[in-house]
Amino acid sequence: MNKRLPNFRLLAVLTLGLSLSFLFSCNDDDEKLSDLTGLIGFSLDGFTADFTIDQAGLTITNGTDSLPFGTDVTALVAVYETVDENTVTVADVEQESGVTVNDFSSPIDYTVIAEDGTANIYTVSVNVSQVDPETVSWNKVTEEQWDAYEVVRTATVGGNLFVYGYTKNTSSFATTDIVGTYMSSDEGATWTMVDARDTQYNYVDEEEGYLMPQGRSVGMVEDFNGKIWSIGGWARGRQDEEGNRPFDDPVNDVWSSTDGLAWTKHTLVDSITFSAREDVTALNYDSKMWVIGGNGAGFFGALGAPLNDVWSTTDGTTYTQVTESAAFPARTAPASIVFDGKMWIFGGLDGGSVLLNDVWSSTDGATWTEESSAAAFPARKAAEVFAFNGKLFLIGGEGADGVQYADMWVSEDGVTWAEVAETDAFAIPNTFTGRSDFGVIVDGLNIYLIGGKGPIVDEVQTYLSDVWKGKGVE
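One numbering rule holds for all chains: residues counted from 1, following each sequence as written. Predicted model: local features are reported for residues with pLDDT of at least 70 only, side-chain atom pairs are reported and counted for 80 or more only, and whole-chain, interface and lining totals are derived from all residues. Side-chain numbers come from the whole structure's heavy atoms, not from hydrogens or water.

Undergrad: Describe unusual backbone geometry, with residues and values.
TA: The phi dihedral of A91 falls on the positive side, at around 55 degrees, and the residue is not glycine. Helical segments are the DSSP runs of H or I of at least four residues, strand segments are the runs of E of at least two, and each set is numbered from the N terminus. Summarising the element assignment, A91 is placed in the loop between β5 (87-90) and β6 (93-94).

Undergrad: Which residues make up the nonpolar core, and what values do they have?
TA: We define the nonpolar core as a collection of buried residues of types Ala, Val, Leu, Ile, Met, Phe, Trp, Tyr and Cys that are connected through side-chain atoms lying within 4.5 Å of one another. Under the scheme applied here, a residue whose accessible area is under 20% of the maximum for its type counts as buried, over 50% as exposed, and between as partly exposed, the area being computed with a 1.4 Å probe on protein chains only. The biggest cluster of nonpolar side chains holds 21 residues, and the ones touching the most others in it are L39, F42, L44, F104, Y110 and V126. Of all the secondary structure elements, the ones that give two or more residues to this core are β1 (39-44), β4 (76-82), β5, β8 (108-113) and β9 (119-125). By size, the runner-up hydrophobic cluster in this structure holds 18 residues, among which are F386, V410, I428 and L449.

Undergrad: Mind laying out the sheet that holds β1, listing which residues take part and the relevant values?
TA: Hydrogen bonding along the main chain pairs the strands of a sheet, whether they run parallel or antiparallel. Here three strands make up an open sheet; going across it, the order is β1-β4-β7 and the pairing antiparallel. The sheet terminates laterally at β1 and β7 (101-102), the two strands that pair on one side only. Where β4 lies against β7, two bridges are found, and the strand directions are antiparallel. If you follow V77 over to β7, its bridge partner there is V101. Note: two strands are recorded as paired if DSSP finds a minimum of 2 bridges between them.

Undergrad: I'd like to hear about the environment of A75, residue by residue, with values.
TA: With respect to the helices and strands, the residue A75 is situated in the loop between β3 (59-62) and β4. For A75, a relative accessible area of 52% translates into the label exposed. Distance in space between the C-alpha atoms of A75 and N102 is 5.3 Å, their sequence separation being 27 residues. Here a residue-residue contact requires only that any non-hydrogen atoms of the pair lie within 4.5 Å. Once residues lying within four places of it in the same chain are set aside, the contact partners of A75 are V101 and N102.

Undergrad: Outline the packing of aromatic side chains, listing residues and values.
TA: How two aromatic rings sit relative to each other is set out by the distance from centre to centre and by the angle between their planes. Working definition: rings of Phe, Tyr and Trp (its six-membered ring) pair if their centres are within 6.5 Å, and the pair is stacked with planes under 30 degrees apart, edge-to-face with planes over 60 apart, and tilted otherwise. Applying the stated rule across the entire model yields 19 aromatic pairs. With a centroid separation of 6.2 Å and 75 degrees between ring planes, the pair formed by Y80 and Y110 is classed as edge-to-face. Taken together, the positions of Y80 in strand β4 and Y110 in strand β8 put the pair 30 residues apart, joining distant regions of the chain. The exposure class of Y110 is buried, given its relative accessible area of 0%. One aromatic cluster is present, built from ring pairs that chain together W138, F386, F388, F393 and F426.

Undergrad: Let's hear about a negative patch on the surface: which residues, and what values?
TA: Judged by side-chain charge, D35, D84, E85, E115 and D116 come together as a negatively charged surface patch. With respect to the element layout, E85 can be found in the loop between β4 and β5. Relative accessible area serves as the criterion here: at 61%, E85 is assigned to the exposed category. Surface patches are defined over residues having more than 30% relative accessible area and no salt bridge, joining like charges when they lie within 9 Å and nonpolar side chains (Val, Leu, Ile, Met, Phe, Trp, Tyr) when within 5 Å. Per-residue and other accessible areas were derived by the Shrake-Rupley procedure at a 1.4 Å probe size, with only the shown protein chains allowed to occlude residues. The rule for a salt bridge is simple: a side-chain nitrogen of Lys or Arg has to be within 4 Å of a carboxyl oxygen of Asp or Glu. For the charge count, each Lys or Arg is scored as positive and each Asp or Glu as negative, with His and the chain ends excluded. Taken as the charge centre is NZ of Lys, CZ of Arg, CG of Asp or CD of Glu, depending on the residue.

Undergrad: Mind laying out the pairing of β5, listing which residues take part and the relevant values?
TA: Note that β5 and β8 share three bridges and pair antiparallel. Along β8, the bridge assignment pairs T87 with I113. By the bridge criterion, two bridges tie β5 to β6 in an arrangement that is antiparallel. Residue pairing for β6: V90 is matched across the bridge by V93. Where β5 hands over to β6, the hairpin turn is made up of two residues, of which A91 adopts a positive phi near 55 degrees.

Undergrad: Just give me the short version of the side chain of T142, but keep the residues and values in it.
TA: With respect to the helices and strands, the residue T142 is situated in strand β10 (residues 136-142). With residues up to four places along the chain from it excluded, the contact list for T142 reads G188, A189, W191, D466 and V467.

Undergrad: Just give me the short version of the pairing of strand β29 (residues 342-350), but keep the residues and values in it.
TA: Extensive coverage of β29 is indicated by the burial of eight of its nine residues. Direction of pairing for strand β27 (residues 331-332) relative to β29: antiparallel, over a ladder of two bridges. The residue of β29 that forms the bridge with R331 is D350. Looking at chain direction, strand β28 (residues 335-339) and β29 are connected through five bridges and run antiparallel. Counted as the bridge partner of V338 is M343 from β29. Between the antiparallel neighbours β28 and β29 lie two residues, among them D340 with a positive phi of about 55 degrees. Relative to strand β30 (residues 355-362), β29 is paired through six bridges, and the arrangement is antiparallel. Within the sheet, the bridge partner assigned to I345 lies in β30 and is W360. The hairpin turn running from β29 into β30, its antiparallel successor, is four residues long, and S353 in that turn takes a positive phi close to 60 degrees.

So this is what it looks like as structure tokens:
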């Protein structure tokens, strides 16, 4: 019986074929495992801050000021993009883009792992702005560049800052008001006097005397119909035949200027014009100029009775009485401003010589709402209020017994007020002298506090001629 012997040659070929097939099969699987690894996009959910990825240094970070001051970074969600199908871990915890929460108070290492196990470690640092946007750097930029005045009014025109100073003489036969006009074009550091009698600007007339607004406690309005305006005030009396001047009295003069230098006096229609007054509240609101309250003439130069009538005009010449008696008690020398779509007045002095700290607002000048019967700040008159960074700030003013306040108060709604503490980012230095009837200019990020009536020192009333400048954060 014959036995067929195995075909060793075929067996060898089959064995070799299976071996090669297995080998090539293994090489194909190895080629599918990518060693590419890396993050190609990174952001934080809910924030617009741009993050820069340094692929060479394996670092990821944002700009130092791109996250707002005070941002809580203890529980943030990263949104990222990787190459291929990478796995991402933090401290051995697998991450999910747009889902996993991490504490970024300190730098975090993101381990990015490729399919074949290759890994890159990116260090992610999240920067939060260290500068409080409410920070204002205050400096006294100049002192005694002009005579000190009892009352200061200010304006900005054509890139220049203007200061108009007035001091009312108190003798029974006053010779004249002391009047000064100054101009600065270098952010308040240097001031140039523009003499009120300088014929270059036609300020003098043989019969009428000064042809510029003069007087104590005028109302000043900016940018109404492209001009600045001076309303009312306390003007000097006319000289009699013997060369004497009687007591000065309030007026209802209205003046305007396009450049702060040359002024035009407007002729008003007496039958429909507000009465003579000083310490006037004048505002630019709703395409109209508003004249609110103030006080009239008193006996022998004394303070006259406060008023609470309201007038408006669209051209500065013809006035309409909006209300003869507003809801708020008659007062003189309140602080006032246009804010949040309303006209506001704060405090002042009423007809019984009582200082006030109430708050009133109106959207039409006829109807007034008492927002607060007694705000947090102490009662005062002749304070100043200004808007900055979307908030209101009230500063200074005269309190009981002639005290001159140097405090500052802040409000987000005009109703609720809190005192700005010395440690606050907005606080003015404690070397700032208390004052009232001073000037305030807000020009972009710059705030100027100028002159005014200072405290009584050694039984003598002082007046100030300094300029404080506050610089906001860029």
